[in-house]
Amino acid sequence: MKENWWKILASVLVLYSVIAGFLGEVPHLPILHESIRNLYFHVPMWFSMVILYLVSVIYSVKYLSSGNENHDLKSVEFVNAGIVFGFLGLVTGMIWGNYTWGSPWPNDPKMNSSAISTLMYLAYIVLRNSLEEEQKRAKISAVYNIFAFPIMIVLLFILPRMTDSLHPGNGGNPGFSSYDLDSRMRGVFYPACLGWILLGVWIADLQYRIRKLQNKQLN
């Protein structure tokens, strides 16, 4: 029970954020209206994705320094979980964009960068599956993963700020502030971010355990 406290916390926070996200009060702002509730889902997906990719990079570095197979397995499963959250971020963003900008994909620099980042990590999975020799696969994919992460950061958080973008906080647009992200929303938004991040770690951990059992059966 003591070891699973964070899983219980993840479940409670996600459940709370979903219920409060749909039923709680939100600021009535022009253009956004009720679609501002998507902030509780869209942004936490991206935060979770970035954290999962970061943890994956840490395990890739550990693998290169130790050669421990478990570190390689953890690295790939955190990438797999990150890709899932990346797709959820894209889908929730498209839904939000359709209501606020009139198009699910308005050729926005940040959305294009997000798509490129997702393809980059899908290429990581393709790379792993194309190599048969285990140690070679683990080493090459670890190096790829280490270089992919900073490129993803540049694509998502730096390049969109250097050009025109519809996203808040990018291209000269103001980010969410006390005007739109008031105390009521912060009380849901921050727990949502933590809850989804913990859920992502939980998913990656479960996948890692399943992968270890499968490897034991094969051996």
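About the criteria used
- Residues numbered from 1 in each chain as written.
- Predicted model: local features only at pLDDT ≥ 70, side-chain atom pairs only at ≥ 80, totals over all residues.
- Heavy atoms only, no water.
- Phe/Tyr/Trp six-rings, centres within 6.5 Å; stacked < 30°, edge-to-face > 60°.
- Helix = DSSP H or I, 4+ residues; strand = E, 2+ residues; numbered from the N terminus.
- Buried < 20%, exposed > 50% of the residue type's maximum accessible area, 1.4 Å probe, protein only.
- Lys NZ or Arg CZ within 6 Å of the ring centre and 35° of its normal.
- Axes fitted to C-alpha atoms, helices over the stretch in contact; angles between N-to-C directions.
- Parallel < 35°, antiparallel > 145°, perpendicular 65-115°, else oblique.
- Contact = heavy atoms within 4.5 Å.
- Nonpolar A, V, L, I, M, F, W, Y, C, P; charged D, E, K, R; others polar.

**A short note on the packing of aromatic side chains**
Thinking step 1. Inspection of the entire model under this criterion finds seven aromatic pairs.
Thinking step 2. Arranged with centres 3.7 Å apart and planes meeting at 5°, the rings of Tyr 53 and Tyr 121 form a pair that is stacked. Residue Tyr 53 is located in helix H2 (residues 39–66), and its partner Tyr 121 is located in helix H4 (residues 109–130); the two are separated by 68 residues in the primary sequence.
Thinking step 3. For Tyr 53, a relative accessible area of 2% translates into the label buried.
Thinking step 4. Geometrically, the ring pair formed by Phe 85 and Trp 196 is edge-to-face, given 6.4 Å between the ring centres and 75° between the ring planes. Highlighted residues: Phe 85 in helix H3 (residues 69–100) and Trp 196 in helix H6 (residues 183–218), separated in sequence by 111 residues.
Thinking step 5. You can call Trp 196 buried: its relative accessible area is 13%.
Thinking step 6. Joined through ring pairs, the aromatic side chains of Phe 47, Phe 189 and Tyr 190 make up one cluster.
Thinking step 7. Positioned above the aromatic ring of Tyr 208 is the side chain of Lys 74, whose terminal nitrogen or guanidinium carbon lies 5.2 Å from the ring centre.

**Observations regarding the packing of H4 against helix H5 (residues 134–158)**
Thinking step 1. With their axes 10 Å apart at the nearest point, H4 and H5 run at an angle of 180° to one another. As summarised for this structure, H4 and H5 are arranged roughly antiparallel, according to the angle between their axes. Residues Lys 110, Ser 113, Ser 114, Ile 116, Ser 117, Met 120, Tyr 121, Ala 123, Tyr 124, Leu 127 and Arg 128 of H4 form the contact with H5, whose own contacting residues are Arg 137, Ala 138, Ile 140, Ser 141, Tyr 144, Asn 145, Ala 148, Phe 149, Ile 151, Met 152, Leu 155 and Leu 156.
Thinking step 2. The residue makeup of the contact of H4 with H5, split by class, is 15 nonpolar, five polar and three charged.

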